[in-house]
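As a plain string of letters, each chain reads:
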Amino acid sequence: MGKPSKVITFVTGQLGIGGAEKQLFLLATSLRQRGWDVSVVTLNGNAGDYWEAPFRKSGLPLATIAAGTSRPYRLLAVAGLLRKYRPTIVHSWTMFANPYAALGGRLAGVPYRLGSERSNPSQSLEELGRFWYSQCLRGLDAIVMNSHAAKMFVNSFRPTLRAFVVHNGIEVPDEQASELRMPLRAEFKVPHEAPVLGCIGRLEPRKNFGLALSVAARLVTRFPNLRVVFVGDGSLRSSLEQQAERLMPSSSVHFLGALPQASRL
């Protein structure tokens, strides 16, 4: 028998700014460098998502299914694209996309159908409800998570489903990164000697940045020159800013907003 073909198609709900989306970009481009034939399908086409441009620039095939279309239409569209790409593996990148990989992969005759749970599984369960959460685990050969806590949760919910933990990857900074430290401190008015607590992500309830502020407020009593830097935006920004005003001196907290190239920081 010959070696199995190294062909994989990823299915994701959207490609907006976010850690999960960047993880997909890093994995997809790295697999291609290792000789894989990689393609990506997004279910939020025509929305101008941030990561669409980097994917197209990389040369990876990116298929878009228009946002707002019905679930049956999206399912049939995914199955059609899988017949076109003929992958050995279809790998959905979010819990919400799992049914499209499972059912679309079965319709297209894809040998291996992998799912993902890359969020807090308790919150996924709360958002989906038990019935739909269960449906998002059906028809998969295995599921991949980025934490052991998520694996334990899914195992307790569906013990027979094979579950694997693959931690998030990171980009190794280049040699010039350390040279940016002082200019960045000057740009954001952070003193040279001040320790910095950095928080990067969407300012939404599931990220629990209020806890980070509470911890920082206790640290400031021991380290008065501590600076807290938030990179990101979201529905909780205003309330977090108000919390920061109550807990800490205004000079100690910096809200920088959403910065797509946050790795620079």
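Up top is the structure these notes are about.
Quick look at the structure, then. Every value quoted in this text rests on a predicted model; they were computed, and no experiment measured them. (Residues numbered from 1 in each chain as written. Predicted model: local features only at pLDDT ≥ 70, side-chain atom pairs only at ≥ 80, totals over all residues. Heavy atoms only, no water.)

1. A few points about the sheet that holds strand S10 (residues 253-255)
Move 1: Pairing within the open sheet is parallel, and its three strands lie in the order S8-S9-S10. The open sheet is flanked by strand S8 (196-200) and S10, the only strands paired with a single partner. Ignoring which end each strand starts from, the neighbouring axes of this sheet average 15 degrees apart.
Move 2: Direction of pairing for strand S9 (residues 227-231) relative to S10: parallel, over a ladder of three bridges. Paired with valine 228 across the two strands is valine 253, which belongs to S10.
Move 3: Helix H8 (residues 209-220) contacts S8 and S9 of the sheet and is inclined by roughly 175 degrees relative to S8. (Pairing = 2+ DSSP bridges. Helix = DSSP H or I, 4+ residues; strand = E, 2+ residues; numbered from the N terminus. Axes fitted to C-alpha atoms, helices over the stretch in contact; angles between N-to-C directions. Contact = heavy atoms within 4.5 Å.)

2. A look at the packing of aromatic side chains
Move 1: According to the stated counting rule, one finds nine aromatic pairs in the structure shown.
Move 2: A centroid spacing of 5.7 Å and a plane angle of 90 degrees characterise the contact between phenylalanine 10 and tryptophan 93, whose relative ring orientation is edge-to-face. Of this pair, phenylalanine 10 sits in strand S1 (residues 7-12) while tryptophan 93 sits in the loop between strand S4 (89-92) and helix H4 (98-108), and the two are 83 residues apart along the sequence. Neither residue differs from the other here; phenylalanine 10 and tryptophan 93 are each classed as buried.
Move 3: Pairing phenylalanine 209 with phenylalanine 230 gives two aromatic rings, centres 5.7 Å apart and planes at 85 degrees, and the pair type is edge-to-face. (Phe/Tyr/Trp six-rings, centres within 6.5 Å; stacked < 30°, edge-to-face > 60°. Buried < 20%, exposed > 50% of the residue type's maximum accessible area, 1.4 Å probe, protein only.)

3. What about the pairing of S9?
Move 1: When you tally the buried positions in S9, you get five out of five residues, the bulk of the element.
Move 2: Side-chain alternation along S9 places Arg227, Val229 and Val231 on one buried face and Val228 and Phe230 on a second face that is also buried.
Move 3: Sheet topology places S8 next to S9; five bridges connect them, and they run parallel. Within S9, the position partnered with glycine 198 by the bridge is valine 229.
Move 4: With H8 bridging S8 and the parallel S9, this β-α-β connection has right-handed handedness.
Move 5: In this fold, the crossover linking S9 to S10 by way of helix H9 (residues 237-247) has right-handed handedness. (Right-handed = clockwise from strand over helix to strand, strands pointing away.)

4. Some details on the environment of alanine 262
Move 1: Checked against the element boundaries, alanine 262 lands in the segment after S10.
Move 2: Separated by 62 residues in the primary sequence, alanine 262 and isoleucine 200 place their C-alpha atoms 7.7 Å from one another.
Move 3: If sequence neighbours within four positions are ignored, alanine 262 has contacts with Ile200 and Val231.

5. Quick notes on the sheet that holds strand S2 (residues 37-45)
Move 1: Ordered by their spatial adjacency, seven strands build an open sheet running S3-S2-S1-S4-S5-S6-S7, and the pairing between neighbours is parallel. If you trace the sheet from one side to the other, it starts and ends with strand S3 (62-66) and strand S7 (162-165), each paired once. Across this sheet, the average inter-strand angle for adjacent strands is 20 degrees, counted without regard to direction.
Move 2: Inspection of the sheet shows S1 paired to S2 by six bridges, in the parallel sense. Bridge pairing in S2 links phenylalanine 10 to valine 40.
Move 3: Contacts from helix H1 (residues 19-33) reach S1 and S2, with the element oriented near 170 degrees to S1.
Move 4: Here H4 sits on the sheet in contact with S1, S2, S4, strand S5 (112-117) and strand S6 (142-145), set at roughly 175 degrees to S5.

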